[in-house]
Amino acid sequence: MILLHETVFLRDESLRFFSVFFIYCVKIHFFFNKKQLFFHKKQLKSFNLIKKINFVFQILLKKYSIIMPKSKTNITNKNCIEIKNAKIHNLKKISLNIPRDKFIVITGLSGSGKSSLAFNTLYAEGQRRYIESLSSYARQFLGRIKKPEVDYIKGIPPAIAIEQKVNTKNSRSTVGTSTEIYDYLKLFYARIGKTISPISGNEVHKHTVTDVVNFALKYPKGTKAMILAPLNFPKERTIIQQLAIIQQQGYTRIEQKTKKTSTILRINDILSKKEKLSKSKSDTYIVIDRISISDEEDNISRISDSVASAFFEGKGRCVIKIFTKEKEIYEQFSNNFEIDGIVFEEPTIHTFNFNNPIGACKRCEGLGKIIGVSEDLVVPNKKLSIYQDAVASWQGERMQLYKNKFIQVAEQFDFPIHKPYNKLSEKQKELLWEGNKYFVGINKFFEILKKETHKIQFRVMLARYRGRTDCPECRGTRLKKEASYIKIAGTSIQELALMQIGDLTNYFKNIKLTSYEKEVTKRILIEINNRLDFLCNVGLQYLSINRLSSSLSGGESQRINLATSIGSSLVGALYILDEPTIGLHSRDANRLIKVMRNLQEIGNSVVIVEHDEDVIRAADEIIDMGPLAGSEGGEIVFMGNKDQLLKAENSLTAKYLTGQERIEIPRIRRKKHKRNGQIEIIGASQNNLKDIDVIFPLKIMTVVTGVSGSGKSSLIRDILHPALQRKFDIYSDRIGKFESINGDFDKIKNIEFVDQNPIGRSSRSNPVTYIKAYDDIRKLYAEQQLSKINGFKPAHFSFNVDSGRCEECQGDGTITIEMQFMADVVLTCESCNGKRFKDDVLEVNYNNKNIYQLLELTVDDAITFFGNKNILEKKITKKLKVLSSVGLGYIKLGQASNTLSGGESQR
């Protein structure tokens with residue numbers, strides 16, 4: 001009815017006055033059709049009147065042909081995402097239809113608007129609509145998402161964004177937990193894991209009454225047997241007192257077993273004579289029952305009851321004594337999950353959870369690392385032997401005594417003192433660190449030093465060798481040692497966690513299980529194998545599931561998120577990826593394309609922001625943004641398939657694909673010279689690096705390349721950068737494994753590490769503040785005559801302090817109004833109209849531009865604006881030219897850093 005009221009119109013203009021009448025007729029019509037069966041006989045006259053009015057409405061409807069247009073939702077093409085007038089950032093009111101369930105690539109110059117279209121428009125609206133569909137109670141716990149600046153978007157499915165950023169710095173997050181592989185491994189071991197005794201190597205069983213009965217029935221009919229329960233002696237009672245209590249419970253005999261014989265004693269005789277029993281020299285059992293074995297139902301029931309009583313009286317232990325012609329047989333049973341005198345913990349899913357106190361290593365609390373004596377500092381050069389002073393802490397006149405003592409006794413336990421440390425076996429290394437009855441190990445050596453900390457030389461020595469190292473209890477596997485007793489096919493979960501994903505994939509494909517185990521773990525193995533295959537397909541077979549998520553590169557992190565999303569088997573979603581080929585070798589690009597294609601084929605829309613030629617050529621649809629960057633971009637230059645793109649005339653992407661444009665190879669290359677200096681890394685062995693020596697020449701451009709997982713990041717990010725920081729006394733939290741670093745350090749003035757992470761998260765952070773050019777700009781405005789008259793200092797032109805910024809919006813230019821059950825509303829500040837400063841500050845001009853107008857200039861425009869009139873202008877121009885030289889001349893000086901793309905932030 002509401003729809004009719006809003007949309008009905010008559011073809012004849014003269015009959016418009018009937019519109020109100022028709023609305024009432026519609027109401028009556030619905031009333032007549034829905035309620036006529038409920039009229040009472042007394043209301044028949046009224047019913048007839050309604051019937052007549054309904055009849056008149058039917059005639060009018062036919063005569064004047066009231067037109068009811070179709071719903072707007074039916075007009076929309078269900079196979080497309082329709083975007084109308086998107087204008088966020090530099091997008092210039094673009095409108096387009098993106099086909100659904102296709103493989104779409106958005107390409108173009110850096111800064112042309114790719115991320116604005118993909119993430120700030122498509123993803124933002126998809127997430128916003130999904131969250132708005134939830135209940136108001138659920139929405140209050142979720143983040144608020146701003147509505148993108150677009151007239152409307154139709155046909156958009158729920159969106160999932162997979163970006164380049166390393167998502168977490170949590171020291172507990174690993175590859176296994178983020179991909180859910182470790183969660184399934186925990187379930188796998190909890191269901192069919194077998195606990196193996198570290199003493200005898202036998203499997204630990206928890207016996208039941210049925211197990212004991214089945215054992216007894218194996219013997220011939222008529223065989224005599226006794227069911228016994230070990231006699232427990234509580235500390236608070238004497239043996240005589242305990243026997244008296246047992247007699248009261250109805251048991252009349254006990255058996256004392258010595259090494260040679262066994263004796264049956266009556267409890268009543270012991271109590272009357274007050275004989276002394278020694279539990280240290282003999283095993284004492286309560287005689288629960290004496291039986292003759294047969295398979296009759298009554299006899300089996302009697303044996304079962306007696307065994308249950310034996311388990312109760314024996315605190316979970318029961319003994320069956322069988323009398324054969326040759327000898328007497330004692331068979332032990334326990335329902336306490338014990339063997340070899342050790343009570344083991346029954347496996348549960350929490351046993352393998354290092355984020356739970358039940359399963360976490362007690363020493364490191366599940367982190368795998370502790371602050372203690374660092375192996376890398378104690379043994380810096382692992383190519384040396386113990387005899388060659390490999391142990392740095394055993395050098396010096398006094399400490400040499402520990403080394404000499406070790407060398408003297410090494411022959412007694414066959415330790416190779418002339419063998420390099422890195423060639424020693426794990427058992428030999430453990431012996432060196434833990435020591436034995438002949439010598440003091442390295443750990444014991446440092447414990448002795450701790451007791452002498454009142455002496456300053458020992459405190460200095462402890463500090464020198466102290467660092468972040470693998471936990472000695474769990475060896476970095478994070479779980480308590482009891483978890484290593486539980487194995488499947490002879491392998492513990494810790495061993496699987498340390499395997500490379502490629503090896504782990506082969507392990508699960510070739511694992512041998514019983515038919516029962518296969519049936520129990522069928523679904524679990526499907527999930528594990530699928531996720532491992534996905535990780536191999538995206539080129540991450542070299543990682544282990546124990547690898548920290550925070551140690552991954554941006555590309556690795558993105559591909560892990562991609563594998564996780566594929567593993568969820570979600571369909572009908574919109575996946576948006578930000579350059580997934582970053583950090584991926586060309587050899588692996590086809591495998592990644594195949595994975596993304598599979599994601600599309602199961603029923604998802606895949607949109608990728610990408611520059612890689614192979615990915616562009618593999619796309620179903622290509623959207624080329626441009627024509628240039630920044631204010632000269634934000635338009636759709638081309639939209640179509642690959643063949644159509646190659647024919648496009650105004651597309652820079654097409655010109656590079658067809659070879660019309662290309663990157664020229666330099667004719668002259670700089671050669672390295674010894675006089676320029678070099679840095680040499682010796683014995684690099686972090687992650688998968690195999691004890692390599694590398695020389696980095698100085699004063700030339702050096703590229704480290706190789707397939708994904710070959711060790712590039714391990715060499716540069718984990719070893720070279722932190723090692724140089726240590727040399728220049730700069731704090732470095734983590735440093736990789738290597739022996740030594742040498743070179744011409746005097747020729748290095750500064751060290752900078754540029755990664756893919758965002759440069760700022762605050763809306764007040766912008767390019768000119770980041771490159772320190774804004775300090776000179778503020779000084780320039782503070783030197784103007786009006787500033788001197790008003791007493792303005794450089795701080796008045798900053799939006800980070802209270803002096804000159806707008807007090808209403810605190811220098812943001814916008815005010816965010818929090819809505820309790822809706823997305824936050826962001827409004828332009830009414831006080832400053834988005835200009836961020838007070839009116840009197842905005843009155844100060846430099847070359848006819850105030851501070852707000854200056855911040856709205858692009859980098860290239862600002863370079864022209866300043867020129868080289870004075871010292872401050874020269875300093876500002878010099879810094880801005882650096883931005884322009886790396887292709888960022890199109891960005892505004894005051895553009896918020898959190899709106900920059902990953903490539904823009906890195907440059």
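The subject of this paragraph is the side chain of serine 605. You can see serine 605 is positioned in strand β20 (residues 605-609). Within the local environment of serine 605, its side chain forms a polar contact with the backbone nitrogen of aspartate 101, the two atoms lying 2.7 Å apart. In this structure serine 605 touches Arg100, Asp101, Lys102, Ala573, Leu574 and Tyr575, once residues within four positions along its chain are discounted.

A few words now on the confidence of the model for the chain. A residue-level look at the chain finds 85% of positions with pLDDT of 70 or above and a mean pLDDT of 81. Across residues 1-20 the pLDDT falls below 50, and counting only partners more than four positions away or on other chains, this stretch makes 22 contacts in the model. Below pLDDT 50 for its whole length, residues 63-76 participates in 17 contacts with residues either more than four positions away or in separate chains.

Time to look at the packing of aromatic side chains. The geometry of an aromatic ring pair is captured by two quantities: the separation of the ring centres and the angle between the planes. Applying the stated criterion across every chain, the model contains 26 aromatic pairs. Residues phenylalanine 799 and phenylalanine 837 carry aromatic rings whose centres are separated by 5.9 Å and whose planes lie at 50° to one another, so their mutual orientation is tilted. Linking phenylalanine 799 in the loop between α30 (785-790) and β26 (814-817) with phenylalanine 837 in the loop between β27 (825-828) and α31 (839-842), this pair joins segments that are 38 residues apart in sequence. In this pair, the class of phenylalanine 799 matches that of phenylalanine 837, namely buried. Taken together, the aromatic side chains of Trp394, Tyr402, Phe406, Phe413, Phe415, Tyr438, Phe439, Phe445, Phe446 and Tyr465 make up a single cluster linked through ring pairs. The aromatic ring of phenylalanine 354 is capped on one face by arginine 478, whose charged end is 5.0 Å from the ring centroid. Directly above the aromatic system of phenylalanine 799 lies the positively charged group of arginine 836, at a separation of 4.0 Å from the ring centroid.

Turning to the sheet that holds strand β7 (residues 224-230), a few remarks are in order. Taken together, 6 strands build an open sheet; the order of strands is β9-β8-β10-β7-β11-β12 and the sheet is antiparallel. Every other strand in the sheet has two partners, leaving β9 (262-266) and β12 (328-334) as the edge strands with one partner each. Each neighbouring strand pair of the sheet contributes to a mean axis angle of 35°, computed without reference to strand direction. As defined by bridge partners, β7 adjoins strand β11 (residues 317-323) across 5 bridges and the pair is classed as antiparallel. Of the residues in β11, the one forming a bridge with alanine 225 is isoleucine 322.

Another aspect to go through is the sheet that holds strand β25 (residues 740-743). Spatially, β24-β23-β25 is the arrangement adopted by the 3 strands of the open sheet, whose pairing is antiparallel. In this open sheet, the two strands that pair with only one neighbour each are β24 (692-697) and β25. Taken over all neighbouring pairs, the strand axes of this sheet differ in orientation by 15° on average, direction set aside. Pairing analysis gives 5 bridges linking strand β23 (residues 678-684) to β24, with the strands arranged antiparallel. Bridging from a neighbouring strand, isoleucine 679 pairs with phenylalanine 696 of β24.

All right, on to the packing of helix α15 (residues 426-434) against helix α16 (residues 442-450) then. It is the contact of α15 with α16, at a shortest axis distance of 4 Å, that shows an interaxial angle of 20°. Relative to α16, the element α15 is oriented roughly parallel. Along its contact with α15, which presents Leu432, Trp433 and Glu434, the element α16 presents Ile442, Asn443 and Lys444. Counted by class, the contact of α15 with α16 contains 3 nonpolar, 1 polar and 2 charged residues.

Here the focus is the pairing of strand β10 (residues 283-292). Where burial is concerned, most of β10 is hidden: 7 out of the 10 residues are buried. Two elements, β7 and β10, share 7 bridges in a ladder whose sense is antiparallel. Counterpart to methionine 226 in the pairing with β10 is arginine 290. With 4 bridges joining them, strand β8 (residues 253-257) and β10 adopt antiparallel strand pairing. Looking at β10, one finds that lysine 257 is bridged to aspartate 283.

It is worth spelling out the pattern of salt bridges at this point. Tallied over the full model, the rule gives 28 salt bridges. Here aspartate 183 and lysine 186 are joined by a salt bridge, their closest N and O atoms 3.5 Å apart. Taken together, the residues span about one helical turn, with aspartate 183 and lysine 186 both in helix α8 (residues 181-192) at a distance of 3 residues. Classification of aspartate 183 by relative accessible area gives partly exposed; the value is 32%.

What counts, and at which threshold
Residues numbered from 1 in each chain as written. Predicted model: local features only at pLDDT ≥ 70, side-chain atom pairs only at ≥ 80, totals over all residues. Heavy atoms only, no water. Helix = DSSP H or I, 4+ residues; strand = E, 2+ residues; numbered from the N terminus. Polar contact = N/O pair within 3.5 Å; in protein donor to acceptor, adjacent residues only side chain to side chain. Contact = heavy atoms within 4.5 Å. pLDDT = per-residue confidence, 0-100. Phe/Tyr/Trp six-rings, centres within 6.5 Å; stacked < 30°, edge-to-face > 60°. Buried < 20%, exposed > 50% of the residue type's maximum accessible area, 1.4 Å probe, protein only. Lys NZ or Arg CZ within 6 Å of the ring centre and 35° of its normal. Pairing = 2+ DSSP bridges. Axes fitted to C-alpha atoms, helices over the stretch in contact; angles between N-to-C directions. Parallel < 35°, antiparallel > 145°, perpendicular 65-115°, else oblique. Nonpolar A, V, L, I, M, F, W, Y, C, P; charged D, E, K, R; others polar. Salt bridge = Lys/Arg side-chain N within 4 Å of Asp/Glu carboxyl O.

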